[in-house]
Amino acid sequence: MTPNPAVLVGLRADTELEGELAGWVRGLGFDTRFTTDAHEVRSWLGQADYAASFVDCDLGLAEGEAVWRTLRPAEARRTVLLTRDRRRDLWFEALRTGVATVLTLPLHETTVRAALQTVVGRPGAGPRTFTH
C-alpha cells in the first residue's frame, strides 16, 4: 500500500498558521489538504491514507468530542497533535493513545520538519512507500 503523498491539516481557523504550515509541508515534498471542519477531517481520514496529519487538539470540541480522541490506531500513528497548552496530562494522554508526537503552538519550520520525519520514518523530503 502506498500512502497518499498528502498531509491532512485540521486546524481551528488561523489563516497565518495555515499558510506557513502549507509552505513548510510543500517544501518537504508533500501536498496539503486543509480544513477547519472536524467532520471533514474524520471523513477525509476515512477516505484516504495520508502520509501524516496535523490536527488541532481543540478541533471538534464544539461538536462534542475532539477529533484526535476519535482516531483509529493507524491514523493516530501518523498524527501530529497541535496544542496551545503545555499541559502534561494532554501530552501523556495523546502519546498513550498512539499519537506520533505533540507540538505546541506557535509552530516553527524545524519542529514541523522533525515531526514529519518522525511520522514518515525517514529524514529528507517526500513520502516513503511501504507495504503491508
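Report on the accompanying structure. (Residues numbered from 1 in each chain as written. Predicted model: local features only at pLDDT ≥ 70, side-chain atom pairs only at ≥ 80, totals over all residues. Heavy atoms only, no water.)

Focus on the overall build of the protein
This is how the line gets drawn: Every helix listed is a DSSP run of H or I at least four residues long, and every strand listed is a run of E at least two residues long, numbered separately from the N terminus. Remark: exposure states derive from per-residue accessible area (1.4 Å probe, protein chains only) relative to the maximum for the residue type, with buried under 20%, exposed over 50%, and partly exposed in between. We call two residues in contact whenever any of their non-hydrogen atoms come within 4.5 Å of each other.
Looking only at helices and strands, one finds five helices and five strands in the protein. When the helices and strands of the protein are listed from N to C terminus, the series reads β-α-β-α-β-α-β-α-β-α. Classification of the 132 residues of the protein by burial places 42% in the buried group. Across the protein, every contact between residues at least 6 apart in sequence was considered, and the portion connecting residues at least 24 apart equals 62%.

Topic: the pairing of strand β3 (residues 50-56)
Our working definition: The pairing criterion is simple: DSSP has to find at least two bridges between the two strands.
Extensive coverage of β3 is indicated by the burial of seven of its seven residues. Taken together, the four bridges between β3 and strand β4 (residues 79-83) define a ladder with parallel strand orientation. Paired with serine 53 across the two strands is threonine 79, which belongs to β4.

Points about the packing of aromatic side chains
Convention followed: Ring pairs shown here join Phe, Tyr and Trp side chains whose ring centres sit within 6.5 Å, with only the six-membered ring taken for Trp; geometry is labelled stacked below 30 degrees between planes, edge-to-face above 60, and tilted in between. A ring has a charge above it when a Lys NZ or an Arg CZ is no more than 6 Å from the ring centre and no more than 35 degrees off the ring normal.
Applying the stated criterion across every chain yields a total of zero aromatic pairs. In this structure, arginine 33 packs its charged tip against the face of tryptophan 44, placed 3.7 Å from the ring centre.

Re the environment of leucine 21
Mapped onto the secondary structure, leucine 21 falls in helix α1 (residues 15-27). The residues contacting leucine 21, other than those within four sequence positions of it, are Val9, Phe34, Phe54, Leu107 and Val112.

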